[in-house]
Amino acid sequence: MMPILAELAGITCPPTDGISFLPILKGEKEKQKEHEYLYWEYPDARIGLKAVRWGNWKGIITDIRKGNTVMELYDLDNDLQELHDVASVHPDIVEKLQHYMDVSHETPENPKFCF
């Protein structure tokens, strides 16, 4: 939210990985910048998961706290409910999404919840 709030206030945005979505609100979709990919983590103390979205692809690693390191891969254009893991058919996509996860992860100030 910080980039859009800063843009609306007419001030320079502090460093962030966010992108203002003001063009969308103004109906100027063609001017909207997009992230190359989106990455998120849920460092739950019991299971933990991390995921990345790149175009129509979603890679997710669940049960990290239980030692799982295997990524599931879903083609959201053809499987919006994420019922069919296609990782074995697209190892090149899995490798790319794993790279995005690796470069995006940051160790938090409280490493108790870090993967």
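In what follows, the structure referred to is the one given above.
What you see is a predicted model, and the numbers here were worked out from it, not measured in a lab.

Procedures and definitions
Residues numbered from 1 in each chain as written. Predicted model: local features only at pLDDT ≥ 70, side-chain atom pairs only at ≥ 80, totals over all residues. Heavy atoms only, no water. Helix = DSSP H or I, 4+ residues; strand = E, 2+ residues; numbered from the N terminus. Buried < 20%, exposed > 50% of the residue type's maximum accessible area, 1.4 Å probe, protein only. Contact = heavy atoms within 4.5 Å. Core = buried A, V, L, I, M, F, W, Y, C linked by side-chain atoms within 4.5 Å. Phe/Tyr/Trp six-rings, centres within 6.5 Å; stacked < 30°, edge-to-face > 60°. Lys NZ or Arg CZ within 6 Å of the ring centre and 35° of its normal.

K.L.:
What should I look at first to understand the environment of V70 in this one?
P.N.:
Among the secondary structure elements, V70 is positioned in the loop between β3 (57-62) and β4 (72-75). For V70, a relative accessible area of 56% translates into the label exposed. Residues V70 and E106, 36 residues apart in the sequence, show an inter-C-alpha distance of 20 Å. Not counting residues up to four positions away in its chain, the partners in contact with V70 are I60 and I61.

K.L.:
Quick question: what am I supposed to make of the nonpolar core here?
P.N.:
Side chains of nonpolar character tend, in soluble globular proteins, to be buried together. V52, M71, L73, L97 and M101 are the most contacted members of the largest nonpolar core, which has 14 residues in total. For this core, the secondary structure elements donating two or more residues are β3 and α3 (91-104). If one sorts the elements of this core by residue count, α3 sits on top with 5 residues. The residues contacting V52, other than those within four sequence positions of it, are Y37, L38, Y39, W40, W57, K58, G59, L97, Y100 and M101.

K.L.:
What exactly am I supposed to notice about the packing of aromatic side chains here?
P.N.:
The description of two aromatic rings rests on the distance between their centres and on the angle between their planes. Per the counting criterion, the structure on display carries 2 aromatic pairs. Where Y37 meets Y100, the ring centres are 3.9 Å apart and the plane angle is 15°; that geometry is what we call stacked. Here Y37, found in the loop between α2 (22-25) and β1 (38-42), pairs with Y100, found in helix α3; they are 63 residues apart in sequence, far enough to count as distant. Accessibility classification places Y37 together with Y100 in one group, the buried group. Aromatic ring contacts, followed pair by pair, group Y37, W54 and Y100 into a single cluster. Of note, K96 hangs over the ring of W54, and the distance from its end group to the ring centre comes to 5.0 Å.

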